Amino acid sequence: MAIQDERVCFTLTAIIKVENLRKTYGTTVAVDDISFEVAEGDIFGLLGPNGAGKTTTVECLQALRQPDSGMMNILGLDPRHDAPALRRQIGSQLQESALPDRIKVWEALDLFASVTPEKLDWQVLLEQWGLAEKRKSTFASLSGGQRQRLFIALALVNNPRIVFLDEMTTGLDPAARRIAWDLIRSIRERGATVILVTHFMDEAEKLCDRLAIVDRGKIVAMDTPQGLITQYASEVRVIFTSDFADLSWLHNIAQIKKITKSGPRVEVEGSGPVLALVAASLVEHGITPTDLRIEQPTLEDVFLKLTGKDIGE
Amino acid sequence: MRTLVKLSWVELKLFVREPITVIFTLALPIIFLFVMGGVFGNEASTDDGGMVVFRGVGPLDYYIPAYFALVMMAIGTVALPVHLAGYRERGILRRLRASSISVWSVLGSQLAVSFVIAIIGSILILICGIIAYSPNMPQEVGLLILAFLLGLISFTAFGFFLGAVLPSTRAAQGLGLILFFVMMILGGAGPPPEVLTGAMDIIGQITPLRHVIIILQDPYLGFGWNQNASLIVAGITVVAIALAARYFRWE
Ligand SMILES: Nc1ncnc2c1ncn2[C@@H]1O[C@H](COP(=O)(O)OP(=O)(O)OP(=O)(O)O)[C@@H](O)[C@H]1O
Ligand SMILES: [Mg+2]
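What counts and what doesn't
- Residues numbered from 1 in each chain as written.
- Chains lettered and ligands numbered in written order.
- Predicted model: local features only at pLDDT ≥ 70, side-chain atom pairs only at ≥ 80, totals over all residues.
- Heavy atoms only, no water.
- 1 Å grid on protein atoms, 1.4 Å probe; cavity = no way out; pocket = protein on both sides within 12 Å on 5 of 7 lines; lining within 4 Å.
- Points joined across faces, edges and corners; volume = space filled by probe spheres on them.
- Helix = DSSP H or I, 4+ residues; strand = E, 2+ residues; numbered from the N terminus.
- Nonpolar A, V, L, I, M, F, W, Y, C, P; charged D, E, K, R; others polar.
- Near = heavy atom within 4 Å.
- Polar contact = N/O pair within 3.5 Å; in protein donor to acceptor, adjacent residues only side chain to side chain.
- Areas by Shrake-Rupley, 256 points an atom, 1.4 Å probe, with all protein chains shown as cover.
- Donors = N, O, S within 2.8 Å, 3.2 Å for Na, K, Ca; no water.
- Buried < 20%, exposed > 50% of the residue type's maximum accessible area, 1.4 Å probe, protein only.
- Pairing = 2+ DSSP bridges.

A.B. asks: How should empty space enclosed by the protein be read in this particular structure?
C.D. replies: Here the idea is plain: a probe the size of a water molecule rolls over the atoms and shows the empty space left. Under the criterion given, the structure shown has two cavities of 30 Å³ or more. If you add up the space inside the largest cavity, you get close to 70 Å³. As for the largest cavity, its lining consists of Arg87(A), Ile90(A), Gly91(A), Ser92(A), Phe112(A), Val115(A), Leu154(A), Val157(A), Asn158(A), Arg95(B), Ala98(B) and Ser99(B). Counting residues per element, the lining of the largest cavity draws most heavily on strand 5 (residues 90–93) of chain A, which supplies three residues. When grouped by side-chain class, the residues that make up the lining of the largest cavity number six nonpolar, four polar and two charged. Computed from the structure, the second largest cavity encloses a volume of approximately 50 Å³. If you go around the second largest cavity, the residues you meet are Pro100(A), Ile103(A), Leu111(A), Phe112(A), Leu7(B), Val10(B), Glu11(B), Leu14(B), Tyr87(B), Ile92(B) and Leu96(B).

Structure below.
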């Protein structure tokens, strides 16, 4: 009964609903069958290998592409029929787009701010996204990361209720990425919902409330980042170096599933208190490695397991 | 509306920042004007000798209104199509669309900029002509303004059409320049149209430029309003707008 209530509650606050979305290009199936819901105020992530259909999915939602079939509901609107009304309430940072070479940073912000009737202060965005110094520079003269920051600022300039960010931090330096994460969190604090397409595991893990892993046009798993890890990658790795040739006695520990040795580097996989057991057993055999350490499972392990691909950042 | 005004202003600034386009649309017609002035002077041909050329008026009286049309054609065949095709090719149109900037704002701003450029270009031609050759002044200013509006809208619509169907900047540049020079030579902005014979004359007759030149020249020279030519220009406009609307793509 309690579960039932939760479901109803969730459905009521869903700001985006997608059911059985499908989109093909000729014989290429870009989006096969995708369904999900996003609760208002969430940061929802889409993670998946190249060509999985992430961009196609979010661009259908933004009324930039026409799906072949399926149901979409965003802010109570259908992107297929209410595109203008929808676009005014959302912000878009597209994976591929550009501005005129000779437009200046401030001109772009001023122009894009003019589509909403409210007076919006885009000066704040210039400061926040570190573009204040560049306000009079032309688009062509910006570096890749600066362009990317301008595109994020443009996605926020109309004070949107939902923000779509397609590979937002690609091309940003580590400091700029951290700043971007903080700013995205602050957008959420303000009440906006964020749809984040990303290739960065740490970004997805740190930022997203819920996460869908997309592969070949389908969602293969969807949960909180921690939920995904617990569900799909419960095994820890214990790593150390040792010149000791024969370590087969480690197999006597029941919790250990796999031992990989490459040169002196030993990697032990298992679940439960593997670190303590391995440590005890090593000491018992007179081995005291100085670099014995444990690696907790990460989202990357989940990703590899579910998609069978290394994303290779 | 606010977006249309903002976008028009930005587009005008972008135009000014693009030296190649400025030279092509504003400077080139003036250079041609001086070349024609240097070659032909401004003496009207008389019908006692050979053939009557330049419609019987002074060459510069002929070329000044003709080069108003040349500015419009530079916009319609080259500047606009290259601009629009480039915007589409590079994803700028997509970006504008995603921010709910309508097709009316995009095309409306281009029309506004075209107006400003054509007016500036024509005034520059008139001033240069006056300074160098003391030609006749425009005779029927009201009708001339009307013809100017019609011609400009026509070539802008033509530019929208080319910009809608041409897939890339390269294609737009290539085809646009060919159209520009063919129409210029055969349409009445190069050699006097009377010297063109046979196929050249027939091709000249079907170029939009020939008719835009006539609707501008007639009020300028005091010949009144040219009904036939203005109907042809209006027809071209309607067809170009219909085709542009039919084939316009954001990406
Ligand atoms: N306009 C298009 N025309 C033809 N095929 C397309 C088009 N856009 C996408 N595709 C194909 O659809 C599939 C999904 O593409 P999509 O861009 O949605 O992937 P993605 O998950 O965003 O990938 P990436 O991580 O590389 O951005 C790909 O196989 C791609 O080749
Ligand atoms: Mg993508």
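Still more ground to cover, so stick around.
A.B. asks: Can you help me understand the site of ligand 1 in this one?
C.D. replies: Residues and elements named next belong to chain A. Among the 15 residues in the neighbourhood of ligand 1, the closest are listed as Gly51, Lys54, Thr55, Thr56 and His199. Contacts to ligand 1 include Lys54, whose side-chain N or O atom sits 2.7 Å from an oxygen atom. Protein coverage of the free-state accessible area of ligand 1, which is 630 Å², stands at 65%. Looking at the shell around ligand 1, the elements with two or more residues in it are strand 2 (28–39) and helix 2 (54–61).

A.B. asks: Help me understand the coordination of the magnesium ion (ligand 2) in this model?
C.D. replies: In an ideal tetrahedron of four donors about a metal, each angle is 109.5 degrees. In an ideal octahedron of six donors, the angles are 90 or 180 degrees. Residue and element names in this part refer to chain A. Taken together, Thr55 (OG1) and Gln95 (OE1) make up the full set of protein donors to the magnesium ion (ligand 2), lying 1.8 to 2.1 Å away. Here Gln95 lies in the loop between strand 5 and helix 4 (105–113) and Thr55 lies in helix 2, a separation of 40 residues in the sequence. For Gln95, a relative accessible area of 37% gives the class partly exposed.

A.B. asks: In this structure, what is going on with the pairing of strand 2 of chain A? I would like to understand it.
C.D. replies: All names here are of chain A. Two elements, strand 1 (residues 14–25) and strand 2, share eight bridges in a ladder whose sense is antiparallel. The residue bridging Ile16 from the neighbouring strand is Val38, located in strand 2. Linking two consecutive strands that pair antiparallel, namely strand 1 and strand 2, is a turn of two residues; a positive phi of about 60° is found at Gly26 within it.

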